[in-house]
Amino acid sequence: MVDGKPIYYLINQSALIINSSAFPNIGYLGIINSTNIMIEGATVTNNYQGILFAYTNSSTIENCNASNNRYGIWFSHSTNNTVIGNNITANDYDGIMLCDSSTNNIISKNTIAANNGFGILLDYSSGNSIRENSIMANDLFGIGLIDSSNNEVVGNNLTNNECGIGLVDSLYNNISNNRINNFGVKDGIYSIAVSYTHLTLPTKA
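Residues numbered from 1 in each chain as written. Predicted model: local features only at pLDDT ≥ 70, side-chain atom pairs only at ≥ 80, totals over all residues. Heavy atoms only, no water.

(A) A look at a nonpolar patch on the surface. Judged by side-chain polarity, Ile 7, Tyr 9 and Ile 11 come together as a nonpolar surface patch covering roughly 300 Å² of accessible area. Considering the arrangement of structural elements, one finds Ile 11 in strand 1 (residues 7–11). On the basis of relative accessibility, which here comes to 42%, the residue Ile 11 falls in the partly exposed class. (Patch = residues over 30% accessible without salt bridge, like charges linked within 9 Å, V, L, I, M, F, W, Y side chains within 5 Å. Areas by Shrake-Rupley, 256 points an atom, 1.4 Å probe, with all protein chains shown as cover. Salt bridge = Lys/Arg side-chain N within 4 Å of Asp/Glu carboxyl O. Helix = DSSP H or I, 4+ residues; strand = E, 2+ residues; numbered from the N terminus. Buried < 20%, exposed > 50% of the residue type's maximum accessible area, 1.4 Å probe, protein only.)

(B) Up close: the pattern of salt bridges. Counted according to the given criterion, the structure contains three salt bridges. The partner of Arg 70 in a salt bridge is Asp 92, with the nearest N and O atoms 3.9 Å apart. Of this pair, Arg 70 sits in the loop between strand 8 (65–67) and strand 9 (71–76) while Asp 92 sits in the loop between strand 11 (87–89) and strand 12 (96–99), and the two are 22 residues apart along the sequence. For Asp 92, a relative accessible area of 36% translates into the label partly exposed.

(C) Summary view of the nonpolar core. Grouped together as the largest cluster of nonpolar side chains are 37 residues, with contacts concentrated most on Ile 18, Ile 39, Ile 51, Ile 61 and Ile 96. Not counting the four nearest positions on each side in its chain, Ile 61 is found in contact with Ile 39, Ile 51, Phe 53, Ile 73, Phe 75, Thr 82, Val 83, Ile 84 and Asn 86. Ranked by size, the runner-up nonpolar core spans 13 residues in total, among them Ile 32, Tyr 71, Met 97 and Cys 163. (Core = buried A, V, L, I, M, F, W, Y, C linked by side-chain atoms within 4.5 Å. Contact = heavy atoms within 4.5 Å.)

(D) The packing of aromatic side chains, seen in detail. In this structure the tally under the stated criterion is seven aromatic pairs. An angle of 50° between the planes, with centres 5.6 Å apart, marks the rings of Tyr 48 and Tyr 71 as tilted. On the criterion of sequence distance, the pair formed by Tyr 48 in the loop between strand 5 (43–45) and strand 6 (49–54) and Tyr 71 in strand 9 is long-range, its members being 23 residues apart. Taking relative accessible area as the criterion, Tyr 71 reaches 11% and is therefore assigned buried. (Phe/Tyr/Trp six-rings, centres within 6.5 Å; stacked < 30°, edge-to-face > 60°.)

(E) Broad picture of the environment of Gly 27. If you trace the backbone, Gly 27 turns up in the loop between strand 2 (14–18) and strand 3 (28–32). With relative accessibility at 1%, the residue Gly 27 sits in the buried group. What Gly 27 contacts, discounting residues up to four positions off in sequence, is Val 2, Lys 5, Pro 6, Thr 45 and Asn 47.

Read these as geometric descriptors, not functional statements.
Pasting the structure below:
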């Protein structure tokens, strides 16, 4: 139990819907080695990861709330998933973390605010799409790419993060049509060892 709510650690599942009717009062939610999972309307707090996908593919996280965890949503070795329309706020480290070769995922139309690390961090993860998110007041980068290539970061609104978008050792990314207003805190875009990247200068909000 977490705060009196049950832990769900689901392995080798397929075509499963997780919502408040089927899984009420979620204390922790981990999805392992599964496919075609739909998570909708869950609220997860006070965990290491609010929602964990590991080796999980072709699944969706929609209209969920993840707050006061270490990490809001964490993907490891997970492919072809969608994260859409969620509120991810006030987590101790990152709002959304994609790592360990998590590829071809879509992160779209989420509100990601007041996390103590990155809003969204891609670490060794390529071919992902980060589009049309509202990313505000995160203590490090709004969006960070580390050793992550061939991603697109398009049409996001980034406001008052320590830095807007950061790229480190990341190649062949498309960074375009983002709106960045950092109120003078630090850089709009920060890059180290970045090559072959299509970069359109941000428009000021």
